[in-house]
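A structural walkthrough
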Amino acid sequence: MQFFDVNNILFTAFGQPVSYLEFVATIVGAIAVWLSARANIWSWPLGIVNVSLLFFFFFQVQFYPDMFLQVFFFITNLMGWWRWDTPTHR
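Since the structure is predicted, the reported quantities are computational estimates derived from the model, not experimental observations. (Residues numbered from 1 in each chain as written. Predicted model: local features only at pLDDT ≥ 70, side-chain atom pairs only at ≥ 80, totals over all residues. Heavy atoms only, no water.)

Here we take up the packing of aromatic side chains. For the structure on display, the rule yields seven aromatic pairs. Geometrically, the ring pair formed by Phe72 and Phe73 is tilted, given 5.7 Å between the ring centres and 55° between the ring planes. Three or more aromatic residues joined by ring pairs make a cluster, and in this case those are Phe4, Phe55 and Phe56. (Phe/Tyr/Trp six-rings, centres within 6.5 Å; stacked < 30°, edge-to-face > 60°.)

This is the structure we're talking about:
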């Protein structure tokens, strides 16, 4: 089984196939948002995993603008994680 292959379908929802990659990216993203709402530092690395998985997904379905948007989100997740760990300078 190729996890990163969008043709590897996990289930169909409302007539639309959902791949393993898409499903895992969605679940990881939802957990990252949930952790972010609770001000948990683990939201940042999970956000990085989420946007990385979505990058591969959008590449395969040829949504190139959305794919490149994930690069921006990747950078902002890295910056957020770094700023979280950096003590404030007063």
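Soluble globular proteins tend to pack their nonpolar side chains together in the buried interior. Judged by nonpolar contacts, Val6, Leu21, Ala25, Leu53, Leu54, Phe57, Phe58 and Met67 together constitute the single largest core of eight residues. If you tally residues by element for this core, the top one is helix H2 (residues 43–60), at four residues. Those residues in contact with Leu54 that lie beyond four places of it in its chain are Ala25 and Gln70. (Core = buried A, V, L, I, M, F, W, Y, C linked by side-chain atoms within 4.5 Å. Buried < 20%, exposed > 50% of the residue type's maximum accessible area, 1.4 Å probe, protein only. Helix = DSSP H or I, 4+ residues; strand = E, 2+ residues; numbered from the N terminus. Contact = heavy atoms within 4.5 Å.)

The next point concerns the pairing of strand S2 (residues 16–19). Note: strand S1 (residues 9–13) against S2, four bridges, orientation antiparallel. Paired with Phe11 across the strands is Val18, a residue of S2. (Pairing = 2+ DSSP bridges.)

The periodicity of an α-helix, 3.6 residues per turn, causes residues three or four places apart in sequence to face the same way. Helix length check: helix H1 (residues 20–37), at 18 residues, gives a terminal C-alpha distance of 26 Å against a target of 26 Å (1.5 Å per residue), a fit within 8%. Along H1, the positions that sit buried rather than exposed are Leu21, Ala25, Val28, Gly29, Ala32 and Leu35. One side of H1 carries all its buried residues, which in axial view fall inside an arc of 125°. Away from the buried face of H1 by more than 90 degrees, exposed residues Val33 and Ala37 are located. The elements touched by buried residues of H1 are S2 and H2. Phi for Ala39, located one or two positions after H1, is positive at around 55°. (Expected span 1.5 Å × (residues − 1). Arc of directions from axis to C-beta.)

Checked against the element boundaries, Gln70 lands in helix H3 (residues 64–85). By relative accessible area, Gln70 is classed as buried at 6%. When sequence neighbours within four positions are dropped, the list of residues in contact with Gln70 reads Val51, Leu54, Phe55 and Phe58.

Backbone geometry places Phe14, a non-glycine residue, at a positive phi of 55°. The class of Phe14 is exposed, set by a relative accessible area of 89%. We note that Gln62 has phi near 65°; this positive angle belongs to a residue other than glycine. Mapped onto the secondary structure, Gln62 falls in the loop between H2 and H3. On the basis of relative accessible area, Gln62 is assigned to the exposed category, the value being 55%.

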